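Summary of the model geometry
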Amino acid sequence: MTTVEIPLTTRKDWSSDQEVKWCPGCGDYSILAAVQMLMPDLGVRRENTVFVSGIGCAARFPYYMNTYGMHSIHGRAAAIATGLATTRPDLDVWVVGGDGDSLSIGGNHLIHALRRNVNLHILMFNNQIYGLTKGQYSPTSEEGKITKSTPFGSLDHPFNPVSLAIGAEATFVARTHDMDRAHMQETFRRAHAHKGTSFVEVYQNCNVFNDAAFEGITAKDNRAEMLIDLKHGEPILFGVDGHRGVSQRADGSLEIVEVAEVGLDAILRHDEHREDPALAFAISRLSSGPTMPTPVGVFRDVQRQEYGEAMTTQVEHAKAQKAPDLAKLLRSSGFWTVD
Amino acid sequence: MTSKHVEQLDRVVIRFAGDSGDGMQLTGDRFTAESATLGNDLATFPDYPAEIRAPAGTIAGVSAFQVAISDHEISTPGDTPNVLVAMNPAGLKANMAVMERGSTLIVNVDAFDDRALAKAGYASNPLTDGALNHFTVYEVPMTSITQEACKEAGVKPRDAERSKNFFALGLVSWLYTRPTESTLAWIHAKFGGKPQVEDANTRAFRAGYDFGETAELFDARYEVRPSTFEAGDYVNVSGNTALSWGLIAAGQLSGLEIFLGSYPITPASDILHELSKRKEFGVRTFQAEDEIAGIGTAIGAAYGGSLGVTTTSGPGLALKGEALGLAVSLELPLVVVDIQRGGPSTGLPTKTEQADLLQAMYGRHGEAPLPIVAAQSPSDCFDAAIEASRIAIKYRTPVILLSDGYLGNGTEPWRLPDISTLAPIEPNFATEPNHTKDDGTQVFWPYLRDEETLARPWAPPGLAGLEHRIGGLEKADGSGNVSYDLANHEKMVHLRAAKIAGIAKDIAPLEVDDETGDAELLVIGWGSTYGSIAAGVQRTRARGGKVAQAHLRHVNPFPANLGEVLHRYKAVLVPEMNMGQLSKMIRAEYLVDAKAFTKVQGSPFRAVEMEAAIAEMLGAL
Ligand SMILES: Cc1ncc(C[n+]2csc(CCOP(=O)(O)OP(=O)(O)O)c2C)c(N)n1
Ligand code: SF4
Ligand SMILES: [Mg+2]
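Along each chain, numbering runs from 1 in the same order as the chain's sequence is written. Think of it this way: whatever chain is written first is A, whatever ligand is written first is 1, and the rest follow in order. A pLDDT threshold of at least 70 governs which residues receive local features in this predicted model, and a stricter bar of 80 or more applies before side-chain atom pairs are shown or counted, although totals over entire chains, interfaces and linings include all residues. Side-chain measures were taken over the full set of non-hydrogen atoms in the model, leaving aside hydrogen atoms and water.

A look at the interface of chain B and chain A
Tallying the contact residues gives 68 residues for chain B and 57 residues for chain A. By buried area we mean how much accessible surface two parts lose on assembly, using a 1.4 Å probe and totalling the loss over both. Taking both partners together, chain B and chain A bury about 5200 Å²; carbon and sulfur atoms supply 63% of that area. On the chain B side of the interface with chain A, the three residues burying the most area are B:Glu280, B:Arg284 and B:Arg469, jointly 15% of the side's total. The working definition used for a salt bridge is a side-chain nitrogen of Lys or Arg within 4 Å of a carboxyl oxygen of Asp or Glu. Summed over the shared surface of chain B and chain A, the result is five salt bridges. The closest approach of N and O atoms between B:Glu257 and A:Lys319, which form a salt bridge, is 3.0 Å. Under the DSSP-based scheme used, a helix requires at least four consecutive residues in state H or I and a strand at least two consecutive residues in state E, with every element numbered from the N terminus. Where the side of chain B that touches chain A is concerned, the elements lending two or more residues are α1 (24-38), β9 (232-238), α9 (239-254), β11 (283-287), α11 (291-303), α13 (321-330), β16 (411-415) and β19 (469-471) of chain B. At eight residues, the largest contribution of residues to the side of chain B that touches chain A is made by α11(B). Ten residues, namely Ala, Val, Leu, Ile, Met, Phe, Trp, Tyr, Cys and Pro, are considered nonpolar, four, namely Asp, Glu, Lys and Arg, are considered charged, and the remaining ones, Gly among them, are considered polar. Looking at the side of chain B that touches chain A, its residues break down into 38 nonpolar, 17 polar and 13 charged. Whether two residues are in contact is decided by their heavy atoms, any of which lying within 4.5 Å being enough.

Printed below as a string of structure tokens:
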């Protein structure tokens with residue numbers, strides 16, 4: 001086998017020449033920087049990398065990456081990327097979308113991509129608001145949220161995107177946030193390494209229409225007590241010096257406990273690779289919004305047949321069985337000859 | 001050896017009708033196949049209900065299959081059947097409106113009991129109350145003879161009853177001196193895995209055939225001699241099969257792998273089924289979660305360098321509207337197939353109509369022109385699919401290919417083309433940067449157009465130096481970068497329109513069939529009305545009438561000479577299975593007083609209707 005050297009690149013190589021046009025202070029900037037800076041480390045080529053997005057502030061992302069890319073239509077990025085990834089298994093296909101793009105108009109395509117396990121890395125920037133359309137509530141906005149379209153408070157119960165993805169039996173589900181570059185990069189690296197669909201929810205601050213929505217958990221001073229950083233094989237601990245942890249009750253449900261009260265042995269060990277999604281789902285239910293201790297990191301990372309590869313196998317198998325012969329095909333259901 | 005004498009017929013139209021569960025489509029298909037091997041020209045019209053099994057015995061549950069067989073060239077499955085084979089009272093009642101006095105009815109008399117008569121809505125038995133006095137009626141106890149024939153084989157009467165359609169097939173095969181070997185072989189191939197079923201069907205078929213021979217009922221048999229066909233290999237093909245094969249051919253001709261993203265919908269699903277079987281041609285089929293994902297995945301595949309295809313019917317085309325706009329903006333090759341059915345909404349899902357033309361033309365937001373190609377007969381779907389693909393690839397544009405339920409399900413003999421004569425389609429992928437910046441660096445501009453075709457370069461991911469971003473936001477002419485410059489937008493709108501309009505230079509001029517050269521009336525159509533119009537024109541000419549006929553393969557852009565052709569005639573008639581959509585387009589474009597002749601009854605125009613409409617126009621000249 002010949003190994004082809006991947007040329008060394010820097011962030012600059014991965015940045016397009018287009019001016020970035022998000023509002024100053026928008027969390028999207030730090031996510032873009034994290035991705036652009038991570039790419040040189042992934043051992044991939046720019047020409048084999050594609051970013052596909054729908055519509056929204058988040059969805060402008062592909063314009064800023066010096067790769068192949070498509071800024072498509074609202075909600076459909078997962079479907080479009082599915083067609084690309086299943087026909088071009090040689091490509092590295094990323095999908096970027098907002099919470100409205102991915103979960104509202106595009107919710108159907110998202111869950112179907114997840115169940116099929118197409119080779120896509122899906123980054124969902126969750127700012128719990130519709131940014132581009134100037135501040136309506138989104139499917140992840142908290143109940144009672146006052147926005148332009150809900151002056152009396154929203155009536156909708158929000159989705160928990162991680163629960164939704166695990167419910168759809170996604171094979172890789174993770175959460176990170178825009179305030180911690182190292183955590184984002186590690187999460188994206190893992191998502192990239194996963195074969196099949198990886199889904200990453202990125203808490204993202206929209207400083208114009210939903211400022212500080214995640215501050216209670218992502219601000220530097222709050223992280224220790226409010227973020228539960230999941231680590232495979234380790235007891236799920238958080239808080240200063242790991243004084244709190246997650247333990248499983250007799251009925252299987254989870255609770256947050258003081259380690260001193262229950263002892264370290266009573267703390268649940270995180271297992272990303274559990275086939276059964278029930279425990280990962282239970283972990284995702286520990287928090288119903290960014291006001292309570294919230295798990296971040298990789299919830300689930302399991303192997304299942306990758307869709308595009310399976311499709312390619314079927315095609316290759318058929319080709320090996322039968323040579324393509326158009327003249328024969330036309331005669332395949334019986335023919336007669338007139339002399 | 002037959003003892004009964006054989007009469008020659010030049011053409012016969014037979015309609016098989018029974019309950020949805022009676023296997024009428026299969027019976028008709030087999031009779032058609034027998035006739036095809038015999039060398040008849042033929043045309044078929046399957047006519048089935050929307051429900052898989054509507055209540056048994058009701059009019060709503062009647063499934064019918066009409067076939068015309070002929071010793072000369074024909075273009076329609078016939079206006080009125082010469083023979084109706086009715087398996088039950090509902091099958092008779094549902095079809096009596098189209099039967100003319102003097103025609104033949106072969107009925108399964110066993111099924112005419114009081115309950116069945118009541119279910120069909122008969123107050124009294126038409127076989128005995130004189131209602132059928134003007135018809136030649138053959139009452140055949142199909143069920144009981146079938147049961148009797150199957151008894152020896154140990155088949156229970158209830159199971160044997162299910163083979164009665166093979167009895168009917170055997171009887172009609174005898175009556176029209178059809179060869180039986182192919183059907184017997186077919187029964188073996190199809191039911192070989194279930195010996196009892198195979199045995200029952202074979203016995204039923206033979207019993208039907210023998211019944212004709214031995215019963216004193218029929219005094220003659222009929223023969224429809226082979227038609228004269230050009231030398232070649234022939235198959236009896238449906239429009240949906242021909243269309244699928246045309247797409248595969250386009251893949252072979254272009255060297256592109258085909259990706260079909262599709263959501264099941266009648267009457268288009270058969271294309272998904274057919275293509276799913278043909279993976280050896282590098283065809284990838286994807287049953288999407290909805291029609292939007294169907295076209296979305298096809299757009300993604302097209303971006304990746306495949307021939308992206310999505311197939312649907314009218315309701316699905318409506319769902320694809322927004323993504324079609326994206327494809328227009330992205331300027332990527334895409335073939336969108338619409339097998340039209342009766343609308344609006346769920347409408348008449350199993351019946352034919354041509355009412356999506358204006359949706360295909362204008363059903364998008366913004367100025368979003370795209371080419372429209374229409375197939376005119378079942379076998380023509382093959383060529384139409386290749387033509388749609390050719391335009392899509394050459395001009396980097398979505399193309400809508402219009403067929404309909406009548407073409408999709410109907411069949412006709414098709415002289416197979418010599419594959420080697422089909423013109424290759426050159427994808428012409430971009431291979432290198434195409435623009436030099438002021439500072440001398442070489443860059444790739446995804447919207448730098450070919451001067452001749454105005455097509456943009458197609459650069460699937462994978463080539464270094466050609467990285468680019470495309471999207472639905474307006475792009476700067478040339479560089480393809482997002483541009484909100486208003487003058488640029490107007491320029492791009494005009495460029496996209498000019499690209500599509502320019503295809504007129506690349507399509508065959510409209511041909512006119514004007515026998516005498518001095519007709520004053522032109523009948524012009526598009527799509528599946530071709531056969532009916534041709535039949536109406538022939539009848540008119542047979543009576544000395546002068547009329548010209550033309551048929552559009554390209555509905556957008558129109559052929560370059562269409563205006564000139566239209567202005568040559570004093571009057572223009574446009575028959576359409578809608579409320580006059582093509583006639584609107586023609587009137588708007590060419591300011592001619594084209595008259596629409598419309599029908600929206602879920603079935604094609606009859607030749608007599610067409611003749612009458614032509615006669616009325618001629619009379620007014
Ligand atoms: C078919 C369609 N419907 C509506 C819109 C308007 N629209 C654009 S973005 C958007 C929501 C954006 O919210 P989100 O996906 O959360 O992205 P964000 O801007 O917050 O990053 C909406 C409703 C559209 N572009 N297309
Ligand atoms: S509206 Fe919000 S999400 Fe959009 S760019 Fe501005 S700050 Fe960012
Ligand atoms: Mg949002």
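The discussion continues.
Overview of the coordination of the magnesium ion (ligand 3)
All names here are of chain A. Only nitrogen, oxygen and sulfur atoms qualify as donors, and only when within 2.8 Å of the metal (3.2 Å in the case of Na, K and Ca); with water excluded, sites may look incomplete. Coordination sphere of the magnesium ion (ligand 3), protein contribution only: Asp-99 (OD), Asn-127 (OD1) and Ile-129 (O), at 2.0 to 2.2 Å. Written as a sequence motif, the donor residues of the magnesium ion (ligand 3) are D-x27-N-x1-I. With Asp-99 in helix α3 (residues 99-105) and Asn-127 in the loop between β4 (121-126) and α5 (161-167), this residue pair connects regions lying 28 residues apart in the sequence. Grouping residues by exposure puts Asp-99 and Asn-127 together as buried. Working definition: with a 1.4 Å probe on protein chains only, accessible area under 20% of the residue-type maximum means buried, over 50% means exposed, and in between means partly exposed.

Focus on the site of ligand 1
Here, proximity means that at least one heavy atom of the residue falls within 4 Å of the molecule or strand. Of all residues adjacent to ligand 1, which total 17 residues, the nearest are A:Cys57, A:Asp99, A:Gly100, A:Asp101 and A:Leu132. Ligand 1 sits at a junction of chains, with neighbouring residues supplied by chains A and B. One nitrogen or oxygen atom from the main chain of A:Ile129 is found 3.1 Å from an oxygen atom belonging to ligand 1. Every accessible area reported is derived by Shrake-Rupley at a probe size of 1.4 Å, with residue values counting cover from the shown protein chains alone. Taken by itself ligand 1 offers 590 Å² of open surface, and the protein chains cover 77% of this. Here the shell around ligand 1 gets four residues from one element, more than from any other, and that element is α3(A). Broken down by class, the residue content of the shell around ligand 1 amounts to seven nonpolar, seven polar and three charged. Within 3.5 Å is the distance limit for a polar contact, defined as a pair of N or O atoms, with the added protein rule that one can donate a hydrogen and the other accept it, and that residues adjacent in sequence qualify only through two side-chain atoms.

With respect to the sheet that holds strand β2 (residues 11-19) of chain B
All names here are of chain B. Strand pairing is assigned whenever DSSP identifies at least 2 bridges connecting the two strands. What the six strands build is an open sheet, ordered β3-β4-β2-β5-β6-β7; its pairing is mixed. On the outer flanks of this sheet lie β3 (41-47) and β7 (136-140), each paired with one strand and no other. Across the sheet, the axes of successive neighbouring strands diverge by a mean angle of 15°, strand direction being ignored. In this sheet, strand β4 (residues 62-70) lies alongside β3 in antiparallel orientation, the contact comprising seven bridges. Counterpart to Thr-44 in the pairing with β4 is Val-67. Helix axes are fitted to C-alpha atoms over the stretch in contact, other axes to C-alpha atoms as well, and angles between N-to-C directions run from 0 to 180 degrees. Packing against the sheet, helix α4 (residues 142-151) makes contact with β5 (83-86), β6 (104-108) and β7, and its axis sits at approximately 50° to β6. In this fold helix α6 (residues 164-175) packs onto β2, β5, β6 and β7, with an angle of close to 150° to the strand it touches most, β6.

Some points on helix α11 (residues 307-321) of chain A
A helix's residues, less one, multiplied by 1.5 Å, set its expected span. For α11(A), which comprises 15 residues, the first-to-last C-alpha distance of 21 Å matches the rise-based estimate of 21 Å (1.5 Å per residue) to within 8%. If you check which residues of α11(A) are buried, you get A:Gly308, A:Ala310, A:Met311, A:Thr312, A:Val315 and A:Ala318. Packing partners of the buried residues in α11(A) comprise α2 (77-87) of chain A together with β11 of chain B. Where α11(A) begins, one side-chain oxygen reaches toward the backbone nitrogen of A:Gly308, 2.8 Å away; that side chain belongs to A:Glu306.

A word on the sheet that holds β19(B)
Ordered by their spatial adjacency, nine strands build an open sheet running β7(A)-β11(A)-β5(A)-β6(A)-β4(A)-β3(A)-β1(A)-β2(A)-β19(B), and the pairing between neighbours is mixed. If you trace the sheet from one side to the other, it starts and ends with β7 (227-230) of chain A together with β19 of chain B, each paired once. Neighbour to neighbour, the strand axes of the sheet diverge by 20° on average, direction disregarded. One ladder, built from four bridges, connects β7(A) with strand β11 (residues 294-301) of chain A; its direction is parallel.

Overview of the packing of α4(B) against helix α8 (residues 195-214) of chain B
Residues and elements named next belong to chain B. Contact pair α4 / α8: the axes reach a minimum separation of 9 Å and the direction vectors enclose 125°. Between α4 and α8, the interaxial angle falls into the category oblique. Crossing angle aside, the handedness with which α4 passes α8 is right-handed. Along its contact with α4, which presents Ile-145, Thr-146, Ala-149 and Cys-150, the element α8 presents Ala-200, Arg-203, Ala-204, Ala-207 and Phe-211. When its residues are assigned to classes, the contact of α4 with α8 shows seven nonpolar, one polar and one charged. With respect to orientation, any angle under 35 degrees is reported as roughly parallel, any angle over 145 as roughly antiparallel, any angle of 65 to 115 as roughly perpendicular, and every other angle as oblique. It is the rotation of the near helix from the far one that decides the hand of a crossing: anticlockwise by less than a right angle makes it left-handed, clockwise makes it right-handed.

Side note on the pattern of salt bridges
Should the charged atoms of two oppositely charged side chains come close, the side chains can pair. Inspection of every chain in the model, using the stated rule, returns 46 salt bridges over all chains. Residue B:Glu289 is joined to A:Arg116 by a salt bridge in which the shortest nitrogen-to-oxygen separation is 2.8 Å. Separated into two different chains, B:Glu289 in the loop between β11 and α11 and A:Arg116 in helix α4 (residues 107-116) make up a pair that spans both. Given the relative accessible area of 11%, B:Glu289 is considered buried. Residue A:Glu142 is joined to A:Lys145 by a salt bridge in which the shortest nitrogen-to-oxygen separation is 3.1 Å. You can call A:Glu142 partly exposed: its relative accessible area is 37%. Within this structure, B:Glu387, B:Arg390, B:Lys394 and B:Asp506 form a network of salt bridges that share partners.

Remarks on the site of ligand 2
With respect to spatial proximity, the complete set of residues near ligand 2 consists of A:Trp22, A:Cys23, A:Cys26, A:Cys57, A:Asn127, A:Gln204, A:Cys206, A:Asn207, A:Val208 and A:Phe209. Considering only residue class, the shell around ligand 2 consists of seven nonpolar, three polar and no charged.

A word on the domain arrangement of chain B
Residue and element names in this part refer to chain B. For each domain, the first and last residues come from an automatic or database assignment. By domain assignment, chain B separates into domain 1 (5-224), domain 2 (235-421), domain 3 (428-506) and domain 4 (512-620). Computed from C-alpha coordinates alone, the two centres of domain 2 and domain 4 are separated by 26 Å. Facing 26 residues of domain 2, the contacting portion of domain 4 comprises 22 residues. When domain 2 packs against domain 4, close to 2100 Å² is buried across both sides, 59% of that on carbon and sulfur atoms. The largest contributions to the domain 2 side of the interface with domain 4 come from Gln-354, Leu-357 and Gln-376, which together make up 33% of the buried area.

Side note on the environment of B:Arg539
Residues and elements named next belong to chain B. As for its position among the elements, Arg-539 is in helix α18 (residues 530-542). Looking at Arg-539, the relative accessible area reads 31%, which means it is partly exposed. Counting along the chain gives 69 residues from Arg-539 to Val-608, while the straight-line C-alpha distance between them is 8.1 Å. Setting aside residues no more than four positions away along its own chain, Arg-539 makes contact with Asp-79, Ala-607, Val-608 and Glu-611.

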